[in-house]
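A structural walkthrough
The lines below spell out each chain.
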Amino acid sequence: MSKVKTNLDLIQWLGHDMSIKVFSYLDNPRDLVCASAVSSSWNDFVIENGLCKELCLKMIPELSSVVRTIEGDNLIEFDGNNVGYYYTRKRECLKRDHRVYAILAFGLMPMGNNCISQAICASSTNDPIKESLTNTLEPRDITERGLSYWSSIGQSNPCVTETLLYRLYSKICLVTEIYVQPFQDYVHDGVPIYSAKAIRFRLGGARDPMKIDSKFDLRDEVALSRLTIWTYASPVFPMSQHIVQENKLQHFKLPEPVLCIGGFLLVELLGSAQEFVGNNLFYICISHVKVVGRILSPEIPVKTRVIRRFSLSSTQGGVANRLIN
């Protein structure tokens, strides 16, 4: 290839459509931002074609139906006069959208660690010291301190539902899947596993987060409904009752990514599958709970004038929330 050809800009050489195809393979916002810093022409190409927006929506397709980032000021009418002003304003709006979607893409990067920041309370706990709900944040079921798990109190009725309440790292989180590991009792004969029969998850927020603490009574359904707003309830998932499969993280993938507004997760354990021989009562014991998703840090410096509205579609409960103050 001659020197003249090798000095051609890659975008000019490939053409618009093929360049779009090449850039579409960049699935990390860092790569796209680095590409836009290569030259002014590459920067213009990324901004004018809304590539950060396309990447953001590719990462999280749900955002296409729940996020509105278009301001009234962005709707510029061209009346045939002052062409220079029209294109300057249009360029400013494109740059603004580029920054917004770049920030969103960075903030919604997949999180490898557990999205749960705090185990708040359970509907019941057999031993608040040794069998605390906090133990479920420890990925190991045996630690240097001994066995690590949460246990409900014994119930004569195996159909009783137990609930666990957690706080996520962010008030804005896109949850894709949840893992739950029932606890296997290594001490007693038969090494029984105290699993629930089925499980369901609720995501949402609290009307007054200050009132939701370790002393909150999850069995008080009236208080729970008054103080919490659950914008999503998952299908009921059966939990594995096979002894080989139970003693590991059971994977529950949500039908579609769920935008959690408020940062609370409620785990509903629907019935007990294991009776304790010593007293003929039914228990549910959980070793570990893990939430996989993408978080949007509240510290992201997006101004209100850039993102004016954030609304949930009717499928998310019709709740409208202002996310950025």
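These numbers were taken from a predicted model, which means no experiment stands behind them.

Looking now at the overall build of the protein. Check the secondary structure of the protein and you find ten helices and 17 strands. For the protein, contacts bridging at least 24 residues in sequence account for 77% of all contacts bridging at least 6. Carbon together with sulfur atoms contributes 54% to the accessible area of the protein, which is approximately 17400 Å² in total.

A surface patch of nonpolar side chains, about 360 Å² in accessible area, is lined by Ile-142, Leu-147, Tyr-186 and Val-187. By the secondary structure assignment, Ile-142 is in strand E3 (residues 142–143).

A word on the side chain of Ser-287. By the element assignment, Ser-287 lies in strand E16 (residues 285–295). With sequence-adjacent residues up to four places away left out, Ser-287 is seen in contact with Asn-135, Thr-136, Glu-138, Arg-140, Asp-141, Ser-148, Tyr-149, Gln-181, Pro-182 and Phe-183.

Although it is not a glycine, Asn-280 adopts a positive phi angle of roughly 60°. Position of Asn-280 relative to the elements: it lies in the loop between strand E14 (274–276) and strand E15 (281–283).

Two elements in contact, helix H4 (residues 29–36) and helix H5 (residues 40–48), have axes separated by 7 Å at closest approach and are oriented at 130°. What the angle tells us is that H4 and H5 run oblique. Listed contacts from H5 to Leu-32, Ala-35 and Ser-36 of H4 are Trp-42, Asn-43 and Val-46. Tallied by class, the residues present in the contact of H4 with H5 amount to four nonpolar, two polar and no charged.

Attention now moves to helix H6 (residues 51–59). When H6 is considered as a whole, its buried residues turn out to be Leu-51, Cys-52, Leu-55, Cys-56 and Met-59. Down the axis of H6, the buried set is contained in an arc of 140°. They therefore lie on one face.

The subject of this paragraph is the pattern of salt bridges. Under the definition given, this model contains six salt bridges. Between Glu-144 and Arg-140 there is a salt bridge, with its nearest N and O atoms 3.7 Å apart. Judged by its relative accessible area of 63%, Glu-144 falls in the exposed class. Judged by relative accessible area, Arg-140 falls into the partly exposed class, the value being 43%. Salt-bridge contacts for Glu-144 lead to Arg-145; the nearest nitrogen and oxygen are separated by 3.8 Å. Here Arg-145 falls in the exposed class, since its relative accessible area comes to 64%. Several salt bridges share partner residues, and in doing so they unite Glu-138, Arg-140, Glu-144 and Arg-145 into one network.

Within strand E9 (residues 196–206), eight of the eleven residues are buried, leaving the element largely enclosed by the surrounding structure. Both E9 and strand E10 (residues 228–233) contribute to a ladder of five bridges, which runs antiparallel. When the sheet's bridge partners are listed, Ala-206 is paired in E10 with Thr-228.

With that out of the way, let us pick up the packing of aromatic side chains. Tallied over the full model, the rule gives seven aromatic pairs. Arranged with centres 4.0 Å apart and planes meeting at 15°, the rings of Tyr-149 and Phe-183 form a pair that is stacked. Of this pair, Tyr-149 sits in the loop between strand E4 (146–147) and strand E5 (150–151) while Phe-183 sits in strand E7 (residues 172–184), and the two are 34 residues apart along the sequence. Each of the two residues, Tyr-149 as well as Phe-183, counts as buried.

Nonpolar side chains tend to gather and get buried jointly when the protein is soluble and globular. Core analysis: the biggest nonpolar cluster contains 32 residues, and Leu-164, Tyr-166, Val-180, Ile-199, Phe-201, Leu-265 and Leu-269 have the highest contact counts within it. Non-local contacts of Tyr-166, meaning those with residues more than four positions away in its chain, are made with Ile-116, Gln-118, Ala-119, Ile-120, Leu-133, Thr-136, Leu-137, Gly-263, Phe-264, Leu-265, Val-267 and Val-289.

Reading guide: rules and limits
Residues numbered from 1 in each chain as written. Predicted model: local features only at pLDDT ≥ 70, side-chain atom pairs only at ≥ 80, totals over all residues. Heavy atoms only, no water. Helix = DSSP H or I, 4+ residues; strand = E, 2+ residues; numbered from the N terminus. Contact = heavy atoms within 4.5 Å. Areas by Shrake-Rupley, 256 points an atom, 1.4 Å probe, with all protein chains shown as cover. Patch = residues over 30% accessible without salt bridge, like charges linked within 9 Å, V, L, I, M, F, W, Y side chains within 5 Å. Salt bridge = Lys/Arg side-chain N within 4 Å of Asp/Glu carboxyl O. Axes fitted to C-alpha atoms, helices over the stretch in contact; angles between N-to-C directions. Parallel < 35°, antiparallel > 145°, perpendicular 65-115°, else oblique. Nonpolar A, V, L, I, M, F, W, Y, C, P; charged D, E, K, R; others polar. Buried < 20%, exposed > 50% of the residue type's maximum accessible area, 1.4 Å probe, protein only. Arc of directions from axis to C-beta. Pairing = 2+ DSSP bridges. Phe/Tyr/Trp six-rings, centres within 6.5 Å; stacked < 30°, edge-to-face > 60°. Core = buried A, V, L, I, M, F, W, Y, C linked by side-chain atoms within 4.5 Å.

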